[in-house]
Amino acid sequence: MPDPELLNPATSDWSVQQLPVADVLADHDPTDLVLAVPVRDDGIPASAAEALAVVALDAGSVEDTWEPPATAGAVTAVPLAPGERAARTVLLVGVGTGSAADLRAAGAALGRAARGRSTLVTTVAAGEPLASQAALAEGLALGGYTSPRWLSDRTAPSPGPVGVVVLVGAYDEDAVRRSVRRATATMLARNLAVVPSNTKNPAWVAAQARTLGRRHGLEVTVWNERELRAGGFGGLLAVGAASATPPRLVRLDWTPDGAGARTPHVVLVGKGITFDTGGLDIKPAEGMLAMKTDMSGAGIVLAVLAACRDLAVPVRVTGLLALAENAVGAASYRPGDVITHYGGRTVEIGNTDAEGRLVMADALAYADLELEPDVLLDIATLTGAARVALGRSMAPVYATDDTVGEALVRAGEATGERLWPFPLVEDYRPNLDSDVADINHIAGIGGGAGSISAALFLREFAGSRSWAHLDIAGVGRSDVDSGLHTKGGTGFGARLLLHWLEEMR
């Protein structure tokens, strides 16, 4: 059964008020109320000074006493003595220049600082451009997020996000609402990523997809092991062969109201390896510790589909979740095996720890041959080479269509999920040649360029479609709880994909 706390991430109640700060504060119990105001590079702005005056603080005296830094994300807490004041704590939040990036960082810090509180009233980002307001809302929502935990009754839970967020002043309510909904999709993807793999197997993820489909107006189709075998999905079957929990392929469809023959159709493919031992080419122990998050791509695609109705995404979207557990056993697939993917292409196995591209190859081939997409995109925690190349702050994007690639980069800039265009180097394609099959699924000895080689392999299964590939191996996981991220799966890509889809016509 699905855990409702996983599928419904805890979020604050949001509202926008155009009333004076004094009137807003008067409507809330001051006992656990936090008032947050911005500190810019040039000091505390006049609007913030007015808010401070409501709680009997002089902006000049506050600056002299506390010397609050304006660095984006810096938070200075000013506790107030009990009495007639309308708040108990004031937070001075550094917003730097007020850019979208600075306000996203400020929002994340503010969301963290307000965890466990009942009410947050803030003027941060009031009157700023829509992009900056949206960035503040995203940061505040994600900063307040805490990862689910599996605790006994004897262990105190982590504090959740602030109960109520009141934005006071000139905010665009719709921009804020949409930003919070995108952030909630990221939280859902994170929740799914951190579920322990003794719970999270392919059938479990498929069950979550059915539940979310019912809730969010999606059509859901699931292929079980027998149906995968009948359909010729050789990649999924090979990777999942040694597991006690067989593979699944899940299809989710969103169709907007009024969709017709000219409505663009986008297919999103997500890698869903619910645990990755590496197979017979087994990983070292430390390499397995984070492998419950190796289905992050599928979790992100599922979260994106679940948000399409709420955000009125104007295009048809199909999500394909390629789900398998890469285990070790007597039935494990082997280096040197030749498997046949959906559609008939044969592949020689070079390394069983390069399993993600095998399950996605089936889904990509199915999308190409059966779904007629206008754009085909996949997202996966795919290669360590991507992490080596770009670290943990941005992800490579590969595209056969410059227009699609550029639109994805712009969406990443708008949401703070940055992408960097990588080339599909044709000179490297011969490294995937096989002596015994149509293609080898890894580059030969000395091939190098691991992320590019993986992308070239996946391209083989996208046909002539307009295709893009996001390798989120570096950005898909975080080792720390800081900024926008919590330790574990990051959900990177959910917000940028939703923004990209919302802008598409």
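See above for the structure.
Since the model is a prediction, treat every value here as computed from it, not as a measurement.

Looking at this structure, I do not really get the packing of helix H7 (residues 173-194) against helix H17 (residues 494-503). What am I missing?
The angle between the axes and the distance between the axes are what describe a pair of packed helices. Here H7 crosses H17 at 135°, and the two axes come no closer than 8 Å. Classified by the angle their axes make, H7 and H17 are oblique. Crossing handedness for the pair H7 and H17: right-handed. Contacts between H7 and H17 involve Arg178, Arg182, Ala183, Ala185 and Thr186 from the former and Ala494, Arg495, Leu498, His499 and Glu502 from the latter. Considering only residue class, the contact of H7 with H17 consists of four nonpolar, two polar and four charged.

Mind showing me how you'd approach the nonpolar core here?
Grouped burial of nonpolar side chains is what soluble globular proteins tend to show. Formed by 60 residues in total, the largest nonpolar core has its most connected members in Leu268, Leu408, Leu497, Trp500 and Leu501. When residues of this core are assigned to their parent elements, the largest contribution, nine residues, is made by helix H12 (residues 296-307). In this structure, Leu320, Ala367, Tyr398 and Leu458 belong to the second largest nonpolar core, which totals 46 residues.

Can you walk me through a nonpolar patch on the surface in this structure?
Side chains of Leu280, Ile282 and Val328 sit close together on the surface and give an oily, nonpolar patch of about 260 Å² of accessible area. Since its relative accessible area comes to 44%, Val328 is described here as partly exposed.

Would you take a moment to explain helix H15 (residues 402-415) for this structure?
Given 3.6 residues per turn, any residue in an α-helix points the same way as the ones three and four places further on. With 14 residues, H15 ought to run about 20 Å at 1.5 Å a step, and its terminal C-alpha atoms sit 20 Å apart, in line with that. When we look at burial in H15, the residues that qualify are Val404, Gly405, Ala407, Leu408, Val409, Ala411, Gly412 and Thr415. Measuring from the backbone nitrogen of Thr403 back to the side-chain oxygen at the start of H15 gives 2.8 Å, which picks out Asp401 as the cap. Downstream of H15 by one or two residues, Gly416 has phi in the positive range, about 80°.

About the cut-offs
For every chain, the first residue of the written sequence is number 1, and numbering continues from 1 along that sequence. In keeping with the model being predicted, local features are shown solely for residues with a pLDDT of at least 70 and side-chain atom pairs are shown and tallied solely at 80 or more, while totals for entire chains, interfaces and linings include all residues. Side-chain measures here rest on the full set of heavy atoms in the structure, leaving out hydrogens and waters. In this analysis, axes come from line fits to C-alpha atoms, helices being fitted only over the stretch in contact, and the angle between any two N-to-C directions falls in the range 0 to 180 degrees. Secondary structure counts use DSSP, requiring at least four H or I residues in a row for a helix and at least two E residues in a row for a strand, with both numbered from the N terminus. In this scheme, roughly parallel covers angles under 35 degrees and roughly antiparallel covers those over 145, while 65 to 115 is roughly perpendicular and the rest are oblique. Here a crossing is taken to be left-handed if its near helix is turned anticlockwise relative to the far helix by less than a right angle, and right-handed if that turn runs clockwise. Throughout, a contact is declared for two residues whenever any of their heavy atoms are within 4.5 Å. Amino acid classes used here: Ala, Val, Leu, Ile, Met, Phe, Trp, Tyr, Cys and Pro are nonpolar; Asp, Glu, Lys and Arg are charged; the rest, including Gly, are polar. Definition of nonpolar core: a set of buried residues of the types Ala, Val, Leu, Ile, Met, Phe, Trp, Tyr and Cys, connected through side-chain atoms within 4.5 Å. Here the term buried applies to any residue with accessible area under 20% of the maximum for its type, exposed to any over 50%, and partly exposed to those in between, with areas from a 1.4 Å probe on protein chains only. Residues enter patches when they are more than 30% accessible in relative terms and free of salt bridges; like-charged ones are connected within 9 Å and nonpolar ones (Val, Leu, Ile, Met, Phe, Trp, Tyr) within 5 Å. For the accessible areas, the method is Shrake-Rupley and the probe is 1.4 Å, while residue cover comes only from the protein chains on display. Any carboxyl oxygen of Asp or Glu that lies within 4 Å of a side-chain nitrogen of Lys or Arg is treated as forming a salt bridge with it. One less than the number of residues in a helix, times 1.5 Å, gives the span that helix is expected to have. What qualifies as a polar contact is a pair of N or O atoms within 3.5 Å, subject to a donor-acceptor requirement within protein and to the restriction that residues adjacent in sequence count only when both atoms come from side chains.

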